[in-house]
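Take a look at the letters that make up each chain.
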Amino acid sequence: MNNIPEVIRTIPLDYYLYFSAALFVIGVIGVLTRRNAIVIFMCIELMLNSVNLLLTAMASYRGDTNAQVFVFFIMAVAAAEVTVGLAIIVMTYRNIRSTDVQLLNYLKW
Amino acid sequence: MTSIILLSVFGIINLFAGFAKNKQVLLPLVLVFLAVVFGVNLLDWNDTQTYFSNMLTVDNYAVAFTGIMTLTTLLLLPFSQRYIDKGDSNLAEYYSLLLFSLVGAVMMVGYENLIMLFIGVEILSIAMYVLAGSDKSSLRSNEAALKYFLMGSFFTGIMLFGIAMIYGATGTFNITEIGAAQAGLGADGVMDSMFVLGILVLVIGISFKISAAPFHFWAPDVYDGTPTFFTAFMSTVVKTAGVAAFYKLMAAAFAASYAAWFPTLVAITVLTLVVGNIGAVIQTSFKRMLAYSSISHAGYMLMALVAFNESSDTSILFYSAAYSAATIAAFGVLKLVQDQQRSADYEAFNGLGKTNPLLAFSMTVSMLSLGGIPLTAGFFGKFFVFSALLQNPDMLWLVVLAVILAAVGIYYYFRVVIAMYMQPAANQKPVRVESFTAFTLIVLTILTILLGIAPALVSELL
């Protein structure tokens, strides 16, 4: 079996770039258009993972481990964010019995 | 670096101290912790060191900003006395989260590597998401936490995308190496456009953190819904750390590609100044006005970044010191008044000048300082920023615009002063102020006036 960076390098870097950018844009569009807090949150995770993919691909092409270490940091921080974020969503759900972000409009102007 | 370790350890100790039966020990304990951190941090003065395999630099810039942020937190904490008196069971957690988020802020002013910047921003923000929602039964607090969290992680994603782009173009996360790598760029068009895209996306991500327009839309809602005590922390420490990190990033990494990001930064600055000042005029709630005012002050701090010369760091340092002292006093008085009147509107302050002369005086001094009236710290804050910007004569129009908007600012800052001294009191009962809180207010007022008379105390530091 080839080592993994070599396998990653069998596909041109541009393709990774377009794919990550597409994933990222899907995530951004999801955040901007969805109303359910959990779906918005999933879209944010999609954005973070597209960055992870991009960093991994670039690291393989450059033969540099820095970016792969960064990927681990992103994963750890994303996990911390999930715990806090889901706790906030649950807290809100307990009060308004919904995860629809548009129901929360007590603060205006 | 010692301050990072100390803050983390103290935060953990503080969590365990929460098991103590007597909650009264918590506040003195955390104040002692912060005083120790402040002292230990100063030991690194004039002794530049790098840590964590060149990922963190502790130079005078980092020490000065760490000192200001620690002192800000130290002077803010006495206003939490009311939580102790109410017997809030989560007090130790609040204090620990404040200490932990301060760790993130310290990392943000001393980072040498974009990984460290990202971790610092996240440590700071995740603690703030929790604190924004700390009033669990209040729908406003819930909404603030949810909005802050969703928007904050969204812009974290955007910031990460920018970092990935910059890595793709330069092959390094180290900001000094990024600065050096730009000389070799430009020959390859693809890499160059990737680099510029990365800078712009990263600028957007950090602009969100310091609530600069057009990425400010979360700030009024979040500041309004968050419990006042934590709003004060958000609008001082978070903003100071954000602007300091922003300047460090631009100065160390992107100085060579100044032309690429300069127009964007000018546009962001102008929008921030206009939106912050005009938005604050139409508010009926004092707390929401302070939220817009913090947006406008982000704009003034960004002006120092637009100037981008050797006096930029000093003017950012002085501005954040002046702004922090005045803002804490304003939010502190607001919290005391709000606890009694159950309202954060201008009307809640009616007649405060008669019932509580001390509160009214501190509030007046801090409003004068935020408005930039001479003999207060805020005047020299604006003076240094404007004079830094005027070293570039092409930017005269921006200074003129900022001066006009500062005059607009005086209108909304004086509304509360007029309410305090010229309106009849709605409630004759004086607001209850603990003696320690009153002492802190006096210290903040003296600091604001002292920096207005002798600005060299801070402005000669860097």
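Residues numbered from 1 in each chain as written. Chains lettered and ligands numbered in written order. Predicted model: local features only at pLDDT ≥ 70, side-chain atom pairs only at ≥ 80, totals over all residues.

### Quick notes on the overall build of chain A
A count of helical and extended segments in chain A gives 4 helices and 0 strands. Going residue by residue from the N terminus, the α and β elements of chain A occur as α-α-α-α. Since a compact globule built from 109 residues should have a radius of gyration of about 13 Å, the 18 Å found for chain A marks it as more spread out than a globular shape. Across its three principal directions, the C-alpha atoms of chain A cover 55 × 30 × 25 Å. Here chain A holds 109 residues, and the buried ones make up 30% of them. In chain A, the share of contacts with a sequence separation of at least 24, taken over all contacts with a separation of at least 6, comes to 48%. (Helix = DSSP H or I, 4+ residues; strand = E, 2+ residues; numbered from the N terminus. Rg over C-alpha atoms; globule rule 2.2 N^0.38 Å. Buried ≥ 20, exposed ≤ 12 C-beta atoms within 10 Å, placed from the backbone. Contact = placed C-beta atoms within 7 Å.)

### Points about the overall build of chain B
Assigned secondary structure in chain B consists of 20 helices and 2 strands. For 462 residues, the compact-globule estimate of 2.2 N^0.38 gives 23 Å, and the C-alpha radius of gyration of chain B, at 21 Å, lies within 12% of that figure. On the principal axes, the C-alpha backbone points of chain B span a range of 75 × 50 × 40 Å. Expressed as a percentage of the 462 residues in chain B, the buried residues total 59%. The long-range share in chain B, meaning contacts at least 24 apart out of those at least 6 apart in sequence, stands at 79%.

### With respect to the interface of chain B and chain A
Listed by partner, the interface residues are 31 residues for chain B and 34 residues for chain A. Every element with two or more residues in the side of chain B that touches chain A is listed here: α6 (114–132), α7 (139–170) and α10 (218–225) of chain B. Examining the composition of the side of chain B that touches chain A, we find that 17 residues originate from one element, α7 of chain B, more than from any other. Looking at the side of chain B that touches chain A residue by residue, the class counts come to 18 nonpolar, 7 polar and 6 charged. (Nonpolar A, V, L, I, M, F, W, Y, C, P; charged D, E, K, R; others polar.)

### A short note on helix α18 (residues 396–422) of chain B
Residue and element names in this part refer to chain B. With 27 residues, α18 ought to run about 39 Å at 1.5 Å a step, and its terminal C-alpha atoms sit 38 Å apart, in line with that. Along its length, α18 shows its largest kink, about 30°, at F414. Looking only at α18, the buried set comprises L398, A402, A406, G409, Y412, Y413, V416, A419 and M420. In the core, the buried residues of α18 are packed alongside α12 (258–281), α13 (286–307), α15 (352–355), α16 (357–371) and α17 (377–390). (Expected span 1.5 Å × (residues − 1). Bend = angle between axes of the 7 residues up to and from the residue.)

### A short note on the confidence of the model for chain B
Within chain B, residue pLDDT values average 90, and 97% of them lie at 70 or more. The ipTM value of the predicted complex is 0.94, and its pTM value is 0.94. (pLDDT = per-residue confidence, 0-100.)

### Brief notes about the UniProt feature "transmembrane region" (unreviewed entry) in chain A
The positions UniProt marks with the feature "transmembrane region" (unreviewed entry) are residues 15–32, 39–61 and 67–93 of chain A. The span residues 15–32 of chain A is 100% helical and 0% strand by assignment, and the distance between its end C-alpha atoms comes to 26 Å. (UniProt positions renumbered as here; feature names shortened; annotations may be inferred.)

### Things to note about α7 of chain B
Residues and elements named next belong to chain B. Relative to the 46 Å expected for 32 residues at 1.5 Å per residue, α7 spans 46 Å between its end C-alpha atoms, a close match to the ideal helical length. Counting buried positions along α7 yields 30 of 32 residues, so the element is predominantly enclosed. A positive phi of about 75° marks G171, the residue just after α7.

### A closer look at the nonpolar core
All names here are of chain B. Formed by 201 residues in total, the largest nonpolar core has its most connected members in M107, M108, V109, A241, M303, Y319 and A322. Residue contributions to this core peak at 19 residues, all from α7. When residues no more than four places from it in sequence are discounted, the contact partners of M108 are L117, G120, V121, L124, A241, A244 and A245. (Core = buried A, V, L, I, M, F, W, Y, C linked by C-beta atoms within 7 Å.)

### What to know about the environment of I84 of chain B
Residue and element names in this part refer to chain B. With respect to the element layout, I84 can be found in helix α4 (residues 81–86). For I84 and K23, which are 61 residues apart along the polypeptide, the C-alpha to C-alpha distance reads 6.5 Å. Non-local contacts of I84, meaning those with residues more than four positions away in its chain, are made with K23, Q24, L26, L27 and L91.

### Details of unusual backbone geometry
Residue and element names in this part refer to chain B. Here the residue pair A213 and P214 is connected by a cis peptide bond, since its omega of 0° sits within 30 degrees of zero. Take P214: it is sitting in the loop between α9 (189–209) and α10. A positive phi angle, near 40°, is found at S53, a position not held by glycine. With respect to the helices and strands, S53 occurs in the loop between β1 (49–51) and β2 (56–58). Unusually for a residue other than glycine, N54 sits at a positive phi of about 65°.

### Concerning the environment of A35 of chain B
Following the sequence through the fold, A35 of chain B ends up in helix α2 (residues 26–42). When the C-alpha atoms of A35 of chain B and D339 of chain B are compared, they prove to be 28 Å apart, with 304 residues separating the residues in sequence.

### Observations concerning the packing of α7 of chain B against α10 of chain B
Residue and element names in this part refer to chain B. For the pair α7 and α10, interaxial distance at closest approach is 8 Å and the crossing angle is 140°. The angle between α7 and α10 places the two elements in the oblique class. With respect to the hand of their crossing, α7 and α10 are arranged in left-handed fashion. Side by side, α7 and α10 meet where R140, S141, E143, A144, K147, Y148 and M151 of the first sit next to W218, D221, V222 and G225 of the second. Its residues placed into classes, the contact of α7 with α10 shows 5 nonpolar, 2 polar and 4 charged. (Axes fitted to C-alpha atoms, helices over the stretch in contact; angles between N-to-C directions. Parallel < 35°, antiparallel > 145°, perpendicular 65-115°, else oblique. Left-handed = near helix turned anticlockwise from the far one by under 90°.)

### Some thoughts on the packing of helix α4 (residues 66–96) of chain A against α6 of chain B
Running from amino to carboxyl end, α4 of chain A crosses α6 of chain B at an angle of 10°, the nearest separation of the two axes being 10 Å. Classified by the angle between their axes, α4 of chain A and α6 of chain B sit roughly parallel to one another. In this structure, α4 of chain A uses F70, F73, V77, A80, E81, V84 and I88 of chain A to contact α6 of chain B, whose residues at the interface are I115, F118, I119, E122, I126, Y129 and V130 of chain B.

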